[in-house]
Protein chains: 4
Amino acid sequence: MTLLADLLSTVFERRTRWGKGAVDNRPFEELTADLIGATGEISGMNVARTILERYAACDDEEKLAFFRHLSERMTIDAGTVRDALDAYEAGQTKASYRAFMSAAEPPRQELIRRLNQVPGATKALVAMRADLLRLGKGEASLEALDLDFRHLFASWFNRGFLVLRPISWQSPAHILEKIIAYEAVHAIDSWEDLRRRVEPTDRRCFAFFHPAMPDEPLIFVEVALTTGIAASVQDVLSSERSMLMAEEADTAVFYSISNCQAGLASISFGNSLIKQVVADLSMELSGLKTFVTLSPIPGLSVWLETDAPYVDREDDERMRALAARYLTTAKRPDGLPLDPVARFHLGNGAEIHKVQARADLSEKGLRQSAGMMVNYLYDLSRVTQNHERFAETHGIAASAEIRSLSTTADKASA
Amino acid sequence: MTLLADLLSTVFERRTRWGKGAVDNRPFEELTADLIGATGEISGMNVARTILERYAACDDEEKLAFFRHLSERMTIDAGTVRDALDAYEAGQTKASYRAFMSAAEPPRQELIRRLNQVPGATKALVAMRADLLRLGKGEASLEALDLDFRHLFASWFNRGFLVLRPISWQSPAHILEKIIAYEAVHAIDSWEDLRRRVEPTDRRCFAFFHPAMPDEPLIFVEVALTTGIAASVQDVLSSERSMLMAEEADTAVFYSISNCQAGLASISFGNSLIKQVVADLSMELSGLKTFVTLSPIPGLSVWLETDAPYVDREDDERMRALAARYLTTAKRPDGLPLDPVARFHLGNGAEIHKVQARADLSEKGLRQSAGMMVNYLYDLSRVTQNHERFAETHGIAASAEIRSLSTTADKASA
Amino acid sequence: MTLLADLLSTVFERRTRWGKGAVDNRPFEELTADLIGATGEISGMNVARTILERYAACDDEEKLAFFRHLSERMTIDAGTVRDALDAYEAGQTKASYRAFMSAAEPPRQELIRRLNQVPGATKALVAMRADLLRLGKGEASLEALDLDFRHLFASWFNRGFLVLRPISWQSPAHILEKIIAYEAVHAIDSWEDLRRRVEPTDRRCFAFFHPAMPDEPLIFVEVALTTGIAASVQDVLSSERSMLMAEEADTAVFYSISNCQAGLASISFGNSLIKQVVADLSMELSGLKTFVTLSPIPGLSVWLETDAPYVDREDDERMRALAARYLTTAKRPDGLPLDPVARFHLGNGAEIHKVQARADLSEKGLRQSAGMMVNYLYDLSRVTQNHERFAETHGIAASAEIRSLSTTADKASA
Amino acid sequence: MTLLADLLSTVFERRTRWGKGAVDNRPFEELTADLIGATGEISGMNVARTILERYAACDDEEKLAFFRHLSERMTIDAGTVRDALDAYEAGQTKASYRAFMSAAEPPRQELIRRLNQVPGATKALVAMRADLLRLGKGEASLEALDLDFRHLFASWFNRGFLVLRPISWQSPAHILEKIIAYEAVHAIDSWEDLRRRVEPTDRRCFAFFHPAMPDEPLIFVEVALTTGIAASVQDVLSSERSMLMAEEADTAVFYSISNCQAGLASISFGNSLIKQVVADLSMELSGLKTFVTLSPIPGLSVWLETDAPYVDREDDERMRALAARYLTTAKRPDGLPLDPVARFHLGNGAEIHKVQARADLSEKGLRQSAGMMVNYLYDLSRVTQNHERFAETHGIAASAEIRSLSTTADKASA
């Protein structure tokens, strides 16, 4: 393994080794045709670099033009596909299958793969897709182009290629500053705040990385090791809390999960991340028996406005009952839970375990979740069956307490 | 970068962290359907592991059955593709494009991607394709299946994901033993022989690795640093040769290139490897001015039998002229050079620089190449134009000496 | 080398592997006797750990008692030494020499060595000496005890055991926070300030580390890469300066050198550090031609008060002349330069190259150095002879400009 | 920790960074005087390198001359020591103590410390001492010189500076070849033999390293994980044995311990190594309950010749009894066990646990140990008291079986 550790360090060194040649001023149309053409596979490195550098210097207007070129001129040709399909149906040979595959895949996919041969290109391509998502919204052909990016990224960022790493106070500063920047749930407001989340022995942080962009976390989760289930994020983040020896903890609380790369939207890592961290922490700390989240209920406030407009928000029990009812009964038209965080965790096979009042008193917590939070429980022995039931019948797994609370709320509102 | 080095070490640790669950005895048909199905993305890790472990224990007959299942039951459905294509033509929306993409990609591609989420799976899948190539030859549907593997592997083993590493006497033994095993040109017959090729300061070895299978070199090249161009492989490999300080060398001789993974056939690394090594060595040793191969001419003996059956093989000059003529004029029906090694290097943009008599006196060297060898020259300032001329017109780049020699042979045979 | 990289990681892991035994409540007197005794070499690990942990929990009074025990009860016995010396003179055998060596070395040296076998002990012992320096000042027997610490540390922190490492924005946060904490010349007031000193390509930082305390820099130097010699620390630290490509720089300016470990006082690293960094930067950046410091002149203000009390501090030229005169002519009774920073750099073989007015306008710079700074030049081709001349005759190397300025000042004051 | 891993890699890179200056042809006398002199601390790097390179090229005669120069001219001066001692007794000040310390330490110690500042010097100095031990035997002044080397090395190779590392088939070849070369108990005759000892999951190897010579193991131990106590080295080394999963083992058998560095003779690592490995394996494999050696009894054959000349060596029970009697009763004049291996393990606090007949049928095993072997038991809960009893009263810890066997032998011979 040490070989690997060592060898990876060269990935990025290469960046500087290749001299720059003469500036290549041809338009994108020619450059992309060149890269995709016969010689592109062999001598395309310079063309690919030129395209990426040129792109990086573009303004939004120029980027849109580049994307439109890809979406309109480097797409599939329906006639060609149909001919190849006919030929394939007529005789299913290696050649006819290859011809069909080639026709059915738009040339821009091969273009993106060839762009990726340049050192550092993966990161640049992820950023390119972030641009596309931002600029292409609502434009059908650009949304189609995005499906190609997404298709390739799903393959490149396959779970088997990702690496889970603990993030600690011993991590490099340039990684830590990204944790600060990307934290999306409970903002980190300074290096001291960060330190409180990653340095103490009862605080952990884990992130997924991809070997081709080792300086960029893809997603990370923050964990508090506790005795008993944490009831509020104030407790978790307090700078005055008393520290615990990790070995004494019986519970791991996942209190924040943040995606880092806008360009990897819809490439799902969260489920794998949580399960891997549960598995790793179980191995390391045999005292850990319970793995729960401490999650916001971002749709609660809006739902309360219509479903329980006159509730006394200071009445904790009533609020807990309503939160339980919201989580277990409020549904989208497609039958899935209305709450997006609930959809994520229930979809992963977690169950609704506990609701907590006055659990997030931040401005954002009060505004979105009426100060309430919820613990989703990850019990590895049940996640598969929970997940399957959820996937097949939209059945929601919940603790007896939650079910009982929800019933209370029903009665009360009846 | 040190983060990466460090973080990669976990990829394989995970292997042992997950407990084994109950044995899952369902047939491949059910397992693959399960993995590809709705729940496969979330909870498919165990199913994927089961399939891979089951497969690893199969005999050839069972493997063939598995492959046939993939090729026959998890392929595209022409009717569905046609419908999706029609719908897409009728209205080019995100949804219709997505539906077409989905129909046009055989489900086995998604199956292979999901199999790959298991730690260590990439190596297992490469081995699986090696089986397929071995067992599926000549069976059209299996050859089509192989195109799917190849398509995915070309994406996964994209140049941007590969890592070049020097191999030295300080490399781990389990890597070095693979160098011994995979050397395909000039066999390494012992650890002492290996040491002579990787330990001296005027001998180098470089390999490409993929982060997901860090214990497996993909391809490697052996290099001798010399003054002047090496004229025979005996000189290069002699245990009695006098050593050179690397700084004194003016020439790097690539005397052996070996692919290591049968399962990565047709995924081309050699061109990138050579150019990267040329670039890296240029950086490290500013005294190096010439980069050549010392290559076999494996088609020469057969060609001589018909084209110059009575040649005196002891006549070095005559043999060199014939070798030059063979390399520059003997063509396949498609116009490409008859000699496979020539096709490779000329396709990379190299040029035929020199031919050497009595250059490989091994049994294999005499049998295949009549003892002759050739130096292909890699001049980075010319490889692109050489490559393009070769790709477009099959034009062969050769030194004046080679062209002159070839003419001599023509005249002589006239 | 990767082995080493890898292997070192275990040094500190061991810390947690040893279970704690029963608490050992014996007094220091017994514990130290035990550790130094016959069984101490074999089974002393636990005793050593007990002593170090006990010590760490002591207050200053108790620490003083511990030190006095070492200084009074674990010192040499003059009578024993004299007897051993007599025996040795009478017959110079291995045995008599060994007996003398043993008698002439106070047992506390062996005690310190045996304490050091505990993982993490080196750092604890360095901290112990910091306590001793603080508490023992002026107490002859404690000052003698300190000589033993210093003797051992000079051996342990031998140049051959130190490792030079670049410090960058990619360094671990727990190292970087120590850089912030230890910077002694130009205070770093935030993580952003730190980033400006270590992240840009034209800013560098290097530190010496010891393998047995890898989390603790011993000494570090901050470097600015510039074109021409930096004339003020404001320019160097400005957040608005324009960045330079490292390759374009012709000068490296060492603008801050800070020792980190109070417990390593009088163990000199600065000279080695500067020369190593000069050598390394020369290798990396061939454009660098000039290596200078930008140093404070901490004794200047005091000297001006008596030697030029009425000088107009706004008269830059006059101030530069006086600074030059101060640096070249103000001496201690022993003939060495009065200015401590001058003693350090001239002792290293540097030469006084340039003096700069209004070069440090910070409160401290104005107070100590009257805002003046000086560039000492490190010319590796001359440092040895400069150093020797300085060591032998106290001769001060200075540029023609400095000598001329100094003369001006002399005349002016005449 | 990754910082350290990373940073150490520079230790040896430095070697090539310093250009070579003009050749310095002065004799050793001048060079050593120079290095030890006033300027040596600052500018001694080049002189130190010159001395080490010159020394490396010396023949034995010249090396002896060098050693004699050190032993005769760079030793303590009895008169100076006596004066300093008198002054110290008269007034115990910091200055008088420092003067005494300086007088009582021979200048050659400082010389060796200054030599050590050159990168790579530690290894060269260890080799130098190996020469001294070989050449200086019996020459009193050289034996005294050796005590100085030994004194410094004991400080430099302090347990706190050593690093324990597993050696496996993934270790670098240049380390593994040293394991082959240094194995002193049961010779390793090929790379395949080595692989059998380090690759299987039930075979382990651990070595101590020093950060300043990371390519050189200092001492290593080979371990077999077994169920029950291994009864013969043939079983342990057999290429046909059935493999065990490490997790299933209940016993760790230390079947070979080898020192690697002749120049570190009398610097004891073995005791620490065994205890560290016991602790580490206990942590990793909770199934391990018993830690024993499988050791030769190298003095047995000689002892049998006089104490039981007519014993039937085919009578296993009789042989076991005699071996037990030998180990528990045969003593040197100083009261310590006659058998050197017994002295080592009993001195470490191990106990004689079992004796095994026909346990080493190699030529060497039969010749020295009459084919017998012994298991010493390391029970960490008893090693300290065992060690202390052994150190204080030479009391030998042995199992009831051994004591009983020994009694049998006594009676039989009575």
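Our structure's up above, just so we're on the same page.
Residues numbered from 1 in each chain as written. Chains lettered and ligands numbered in written order. Predicted model: local features only at pLDDT ≥ 70, side-chain atom pairs only at ≥ 80, totals over all residues. Heavy atoms only, no water.

Some remarks on the overall build of chain A
The helix and strand tally for chain A stands at 21 helices and eight strands. In terms of overall dimensions, chain A has a C-alpha envelope of 70 × 50 × 40 Å along the principal axes. Counting only residues that meet the buried cut, chain A has 58% of its 414 residues in that class. Contacts in chain A between residues at least 24 apart in sequence constitute 73% of all its contacts with a sequence separation of at least 6. Of the roughly 16200 Å² of accessible surface on chain A, 52% is carried by carbon and sulfur atoms. Positive and negative charge centroids in chain A, built from 47 and 58 side chains respectively, lie 2 Å apart. (Helix = DSSP H or I, 4+ residues; strand = E, 2+ residues; numbered from the N terminus. Buried < 20%, exposed > 50% of the residue type's maximum accessible area, 1.4 Å probe, protein only. Contact = heavy atoms within 4.5 Å. Areas by Shrake-Rupley, 256 points an atom, 1.4 Å probe, with all protein chains shown as cover. Lys, Arg positive; Asp, Glu negative; His and termini not counted. Charge placed at Lys NZ, Arg CZ, Asp CG, Glu CD.)

Section: the pairing of strand 8 (residues 373–377) of chain C
All names here are of chain C. Strand 8 sits mainly inside the fold: five of its five residues count as buried. As defined by bridge partners, strand 6 (residues 295–296) adjoins strand 8 across two bridges and the pair is classed as antiparallel. Across the sheet, Pro296 pairs through a bridge with Met373, a residue of strand 8. The pairing of strand 7 (residues 351–356) with strand 8 spans five bridges and is antiparallel. What sits directly across from Val355, in strand 8, is Val374. (Pairing = 2+ DSSP bridges.)

Section: the pairing of strand 2 (residues 203–209) of chain B
Residues and elements named next belong to chain B. The buried fraction of strand 2 is high, at seven of seven residues. The alternating pattern of strand 2 places Arg203, Cys205, Ala207 and Phe209 on one face and Arg204, Phe206 and Phe208 on the opposite face, and all of these are buried. Sheet topology places strand 1 (residues 163–166) next to strand 2; four bridges connect them, and they run antiparallel. Along strand 2, the bridge assignment pairs Val163 with Phe209. The pairing of strand 2 with strand 3 (residues 219–226) spans six bridges and is classified as antiparallel. Residue Cys205 lies in a different strand from strand 3, and its bridge partner there is Glu222.

Considering the pattern of salt bridges
Counting across every chain of the model gives 132 salt bridges over all chains. A salt bridge links Arg195 of chain C to Glu199 of chain C; its shortest N-O distance comes to 3.3 Å. (Salt bridge = Lys/Arg side-chain N within 4 Å of Asp/Glu carboxyl O.)

Some words on the state of the cysteines
Residue and element names in this part refer to chain A. Considering all chains together, one arrives at zero disulfides over all chains under this definition. Take Cys205: it sits in no disulfide, and the sulfur closest to it among the cysteines is that of Cys260, at 9.0 Å. Judged by relative accessible area, which is 2%, Cys205 ranks as buried. (Disulfide = S-S within 2.5 Å.)

Some details on the packing of aromatic side chains
Overall, the coordinates contain 53 aromatic pairs over all chains when judged by the stated rule. Between Tyr55 of chain A and Phe67 of chain A, the ring centres sit 5.9 Å apart and the planes meet at 55°, which makes this aromatic pair tilted. Of this pair, Tyr55 of chain A sits in helix 5 (residues 45–56) while Phe67 of chain A sits in helix 6 (residues 60–73), and the two are 12 residues apart along the sequence. Residue Tyr55 of chain A shares its accessibility class with Phe67 of chain A, and that shared class is buried. Joined through ring pairs, the aromatic side chains of Phe149, Phe153, Trp156 and Phe157 of chain A together with Phe161 of chain B make up one cluster. (Phe/Tyr/Trp six-rings, centres within 6.5 Å; stacked < 30°, edge-to-face > 60°.)

Some remarks on helix 18 (residues 340–347) of chain D
Residues and elements named next belong to chain D. Residues of helix 18 that are buried: Val341, Ala342, His345, Leu346 and Gly347. With a side-chain oxygen lying 3.2 Å from the backbone nitrogen of Val341, the N-terminal cap of helix 18 falls on Asp339. Downstream of helix 18 by a residue or two, Gly349 has a phi angle that is positive, lying close to 100°. (Polar contact = N/O pair within 3.5 Å; in protein donor to acceptor, adjacent residues only side chain to side chain.)

Quick notes on the side chain of Thr251 of chain B
All names here are of chain B. Mapped onto the elements of the fold, Thr251 is located in strand 4 (residues 251–259). Of note is the side chain of Thr251, whose polar atom sits 2.7 Å from the side chain of Asp250. If we skip the residues at most four places from it in the chain, Thr251 touches Ala224, Leu225, Thr226, Gly228, Ile229, Leu288, Thr290 and Val292.

What about the environment of Thr384 of chain A?
All names here are of chain A. Tracing the sequence through the fold places Thr384 in helix 20 (residues 383–393). With relative accessibility at 32%, the residue Thr384 sits in the partly exposed group. Linking Thr384 and Asn348, residues 36 residues apart in sequence, is a C-alpha distance of 8.3 Å.

A few points about helix 7 (residues 78–90) of chain D
Residues and elements named next belong to chain D. Look at helix 7: 18 Å from first C-alpha to last across 13 residues, which is about the 18 Å you get at 1.5 Å a residue. Every buried residue belonging to helix 7 is among Ala78, Val81, Ala84, Leu85 and Tyr88, and all of these are buried. Burial along helix 7 is one-sided: seen end-on, the buried residues are contained in an arc of 130°. Those residues of helix 7 that are exposed and aimed more than 90 degrees away from the buried face are Asp83 and Ala90. (Expected span 1.5 Å × (residues − 1). Arc of directions from axis to C-beta.)

Structural notes on empty space enclosed by the protein
Enumeration over the complete set of coordinates arrives at eight cavities of 30 Å³ or more. Taken together, 14 residues make up the lining of the largest cavity; nearest its centre are Phe161, His210 and Pro211 of chain C together with His210 and Pro211 of chain D. Residues of the lining of the largest cavity, tallied by class, amount to 10 nonpolar, four polar and no charged. A volume near 80 Å³ is recorded for the second largest cavity. In this structure, the second largest cavity is lined by Trp156, Phe161, His210, Pro211 and Ala212 of chain A together with Ser155, Trp156, Phe161, His210, Pro211 and Ala212 of chain B. Among the residues forming the lining of the second largest cavity, the class breakdown is eight nonpolar, three polar and no charged. (1 Å grid on protein atoms, 1.4 Å probe; cavity = no way out; pocket = protein on both sides within 12 Å on 5 of 7 lines; lining within 4 Å. Points joined across faces, edges and corners; volume = space filled by probe spheres on them. Nonpolar A, V, L, I, M, F, W, Y, C, P; charged D, E, K, R; others polar.)

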